[in-house]
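Listed here are the chains, written in short residue letters.
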Amino acid sequence: MSTHVRTTTAERIASIELHRPEKKNALTGEMYQAMTAALARAEADDDVHVILLHGQADCFTAGNDLADFLAAGPGAVADSAAARFLAAIRTARKPIVAAVGGVAVGIGTTMLLHCELVYATPGARFQLPFVTLGLAPEGGSSLLLPMRVGYQRAAELLLLGRPFGAEAAVAAGLVNQVVPEARLLEHAREVALAVAAQPPESVRLTKELLKRPTARELEERMAEELRLFGERLGSPEARAALGAFFQRKRG
Ligand code: COA
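Draft legend 1. Main features of the packing of helix α5 (residues 141–149) against helix α9 (residues 200–233). Where α5 contacts α9, the two axes come as close as 8 Å, and the packing angle between them is 130°. Viewed along their axes, α5 and α9 adopt a mutual orientation that is oblique. Between α5, through Ser141, Ser142, Leu143, Leu144 and Met147, and α9, the contact on the second element is made entirely by Thr214, Glu217, Leu218, Arg221 and Glu225. Class assignment of the residues belonging to the contact of α5 with α9 gives a composition of 4 nonpolar, 3 polar and 3 charged.

Draft legend 2. View of the sheet that holds strand β8 (residues 164–165). Spatially, β5-β7-β8 is the arrangement adopted by the 3 strands of the open sheet, whose pairing is mixed. Among the strands making up the open sheet, the edge pair consists of β5 (103–105) and β8. Relative to strand β7 (residues 125–127), β5 is paired through 3 bridges, and the arrangement is parallel. Among the inter-strand pairings, Ala104 is bridged to a residue of β7, identified as Phe126.

So, how was this worked out
- Residues numbered from 1 in each chain as written.
- Predicted model: local features only at pLDDT ≥ 70, side-chain atom pairs only at ≥ 80, totals over all residues.
- Heavy atoms only, no water.
- Axes fitted to C-alpha atoms, helices over the stretch in contact; angles between N-to-C directions.
- Helix = DSSP H or I, 4+ residues; strand = E, 2+ residues; numbered from the N terminus.
- Parallel < 35°, antiparallel > 145°, perpendicular 65-115°, else oblique.
- Contact = heavy atoms within 4.5 Å.
- Nonpolar A, V, L, I, M, F, W, Y, C, P; charged D, E, K, R; others polar.
- Pairing = 2+ DSSP bridges.

Laid out in structure tokens, this is it:
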């Protein structure tokens, strides 16, 4: 059991909670491993019909731990725990409901592209700062984002890397609905229960059909993104941007 990822299974729902509040739920290798294992357990358990992914109502995740990025050498990404988590969420056959409050940065936003139903609080803040950090898009975002939100909007979100709010995320089709913070987790659970009550085989084949048009291209694109991401991690642009984050904290 991971210290920073809490998993429970009840009422046909496998819940995966990110729980590292002192670091805004920034994701470490150990957390990715725990999330990947939880997805695998949920997939293998016939009593589980739905996966529920969440943080706390005021924090989803600040994305990959930047200290880990700084420590990683170039090329270390393709075979990383993060890459295995992304492959697991890409190929999950059971539906995933996500509840997002507070920050959802980097992979915190791109993992949502692989979820079926996403709910967010009015204060949720999404951001794709890969370019700003001198990195490359990941999680299939270079393919899925323009398909979801249109080319111009995807270019804006990726090239400028600015945060955007829950209403903008709904308008862009990245979030199903905005839910008050006090109701977020309860609402997401209610929806998960409603999906879990549907005939599971029908749910699964519908998800498979929805994903099929992009499945092969997505697998290839995510491999390419990770190759480029690994190269970029060692670039002077990325080293400077990542170093600046921790300098800012000290300053
Ligand atoms: N990696 C490692 N540590 C992180 C982190 C990350 N991605 N995000 C936040 N933290 C840490 C901070 O360093 C700080 O730790 P400290 O108290 O030991 O200094 C703590 O979490 C709280 O973060 P803080 O920046 O003080 O909170 P905030 O509310 O002012 O800002 C964010 C929140 C998410 C906007 C800001 O932390 C941020 O921009 N983080 C980086 C996000 C990012 O670029 N992710 C990777 C994308 S590829």
